[in-house]
Amino acid sequence: MYPKNGSSFTGFILLGFSDRPQLERVLFVVLLIFYLLTLLGNTTIIALSRLDPHLQTPMYFFLSNLSFLDLCYTTSIVPQLLVHLRGADKSISFAACVAQLFVSLGLGSTECILLGVMAFDRYAAVCRPLHYTVIMHPRLCALMGSASWFIGFANSLLQTVLTFLVPLCGRNKIDHFLCEVPPLLKLACVDTTVNESELFFVGVIILLIPVALITFSYGRIVRAVLRIKSAAGQRKAFGTCGSHLTVVSLFYGTAIYAYLQPSNNYSQDQGKFISLFYTIVTPMVNPFIYTLRNKDVTGAMRKVFCGGYDSK
């Protein structure tokens, strides 16, 4: 994405919510609180997964990956957004915009794949309990986790390069609060049909293939849980799986709306609030969704804060 006719080009202006100054003040306070809660909640999940031996299982390995990802995801967006909400200067350098798009898109793509991997883990735990430790071997967990990060950032590299190869003809005002592909393509002074088609195609792969895996996994899980005769066993299975399904619904619902709808139906105002949801709200609520009804995590928290670990 470069200027045409050799004109000078130093960066972009992120318009964000500048047309609503009163909303900016409210958003600053709300987003600051959400960001602090995100840092606290996700750091707690990572720390507990490392400290408590009972949480050193495949499920919590992937959950700590998700928490670390969410920490990085919000940090790549929120601090700059808070600065823009408080000041008149809404500029971002070209290099910073490229970096933000690459990092945030890479982390978002990784989360799509990681949520699918986590669904497979729940399938193995519920439907193949006797073979769970053999199926979810630490090497396989590390391989699936690494593959999620590699594929996510490989997709981001491709999208970032293709997006910034589009000529701008001097346009630099992005009607959004972050550098994201759909609003960046709207700055182009050439036909972007090919770019939009490529974005849609890759979005289908990154978003819908994990959704298909999740649907398959939970279809099998529901059938297996309904065969459990113990009501307590059914509640435990549905408890852990229900938390994951809630996170999946929140993330995929908003991401699919943002990336898989036709460009002529894309509303900038709606896009901003949808982006706020999956970049800030979802990472903040994830730790609470996973911990509120999870006895393993709440038990680990009591041990940490009440000094319940023994010296072994």
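The rules behind the values
- Residues numbered from 1 in each chain as written.
- Predicted model: local features only at pLDDT ≥ 70, side-chain atom pairs only at ≥ 80, totals over all residues.
- Heavy atoms only, no water.
- UniProt positions renumbered as here; feature names shortened; annotations may be inferred.
- Helix = DSSP H or I, 4+ residues; strand = E, 2+ residues; numbered from the N terminus.
- Patch = residues over 30% accessible without salt bridge, like charges linked within 9 Å, V, L, I, M, F, W, Y side chains within 5 Å.
- Areas by Shrake-Rupley, 256 points an atom, 1.4 Å probe, with all protein chains shown as cover.
- Salt bridge = Lys/Arg side-chain N within 4 Å of Asp/Glu carboxyl O.
- Lys, Arg positive; Asp, Glu negative; His and termini not counted.
- Charge placed at Lys NZ, Arg CZ, Asp CG, Glu CD.
- Buried < 20%, exposed > 50% of the residue type's maximum accessible area, 1.4 Å probe, protein only.
- Contact = heavy atoms within 4.5 Å.
- Pairing = 2+ DSSP bridges.
- 1 Å grid on protein atoms, 1.4 Å probe; cavity = no way out; pocket = protein on both sides within 12 Å on 5 of 7 lines; lining within 4 Å.
- Points joined across faces, edges and corners; volume = space filled by probe spheres on them.
- Nonpolar A, V, L, I, M, F, W, Y, C, P; charged D, E, K, R; others polar.
- Expected span 1.5 Å × (residues − 1).
- Axes fitted to C-alpha atoms, helices over the stretch in contact; angles between N-to-C directions.
- Parallel < 35°, antiparallel > 145°, perpendicular 65-115°, else oblique.
- Left-handed = near helix turned anticlockwise from the far one by under 90°.

Named according to an unreviewed UniProt entry, the chain is Olfactory receptor originating from Panthera leo. Quoted verbatim from the Subcellular location (unreviewed entry) field of UniProt, the annotation for the chain is "Cell membrane". You can read under Sequence similarities (unreviewed entry) in the UniProt record for the chain the words "Belongs to the G-protein coupled receptor 1 family."

UniProt's feature table lists "transmembrane region" (unreviewed entry) at residues 26-48, 60-81, 93-120, 140-158, 199-216, 237-260 and 272-292, given in the numbering used throughout. Taken as a whole, residues 140-158 contains 100% helix and 0% strand, while its terminal C-alpha atoms sit 27 Å from one another. Annotated as residues 199-216, this span is 100% helix and 0% strand, and its ends, taken at the C-alpha atoms, are 25 Å apart.

Right, let's get into a positive patch on the surface. On the surface, Arg-128, Arg-220, Arg-223 and Arg-227 cluster together to form a positively charged patch. By relative accessible area, Arg-128 is classed as partly exposed at 37%.

Take Ser-148: it is sitting in helix α6 (residues 138-164). Given the relative accessible area of 1%, Ser-148 is considered buried. If sequence neighbours within four positions are ignored, Ser-148 has contacts with Thr-110, Ile-113, Leu-114 and Val-117.

Take Lys-173: it is sitting in strand β3 (residues 173-174). Among the residues examined, Lys-173 registers a relative accessible area of 54% and is labelled exposed. Among residues more than four places away in sequence, those in contact with Lys-173 are Ile-13, Leu-15 and Leu-187.

What follows is about the sheet that holds strand β2 (residues 91-93). Reading across from one edge, β2-β1-β3 is the order of the three strands in this open sheet, with mixed pairing throughout. In this open sheet, the two edge strands, each paired with only one partner strand, are β2 and β3. Relative to β3, strand β1 (residues 11-14) runs parallel, the two sharing two bridges. Residue pairing across strands places Ile-13 opposite Lys-173, the latter belonging to β3.

In total, this model carries five cavities of 30 Å³ or more according to the counting rule given. There is about 280 Å³ of room inside the largest cavity. Along the walls of the largest cavity sit 24 residues, with Leu-105, Gly-108, Ser-109, Cys-112 and Tyr-259 positioned nearest its centre. Elements that contribute at least two residues to the lining of the largest cavity include exactly α4 (94-127), α6, α8 (193-226), α9 (231-259) and α10 (268-292). When residues of the lining of the largest cavity are assigned to their parent elements, the largest contribution, six residues, is made by α4. Each residue belonging to the lining of the largest cavity can be placed in one class, and the counts come to 16 nonpolar, seven polar and one charged.

To continue, consider α4. The end-to-end C-alpha separation of α4 is 50 Å, in line with the 50 Å expected for 34 residues at 1.5 Å each. Most of α4 is tucked away, with 25 of its 34 residues classed as buried.

What follows covers the pattern of salt bridges. Evaluated as defined, the whole model comprises three salt bridges. A salt bridge links Glu-24 to Lys-90, with the nearest nitrogen and oxygen atoms 2.9 Å apart. Note that Glu-24 is positioned in helix α1 (residues 21-51) and Lys-90 in the loop between α3 (78-86) and β2, a separation of 66 residues in sequence. Take Glu-24: its relative accessible area is 9%, and that puts it in the buried class. Lys-90 gets classed as buried once you look at its relative accessible area, which sits at 10%. Across the salt bridge formed by Asp-121 and Arg-122, the nearest N and O atoms sit 3.0 Å from each other. Accessibility classification places Asp-121 together with Arg-122 in one group, the buried group.

This part is about the packing of α1 against helix α2 (residues 58-75). Viewed as axis vectors pointing N to C, α1 and α2 meet at an angle of 155°, and their least axial separation amounts to 9 Å. As judged from the angle between their axes, α1 and α2 are roughly antiparallel. For the crossing formed where α1 meets α2, the hand is left-handed. Contact residues: α1 offers Tyr-35, Thr-38, Leu-39, Asn-42, Thr-43, Ile-45, Ile-46 and Ser-49, while α2 offers Tyr-60, Leu-63, Ser-64, Ser-67, Phe-68, Asp-70, Leu-71, Thr-74 and Thr-75.

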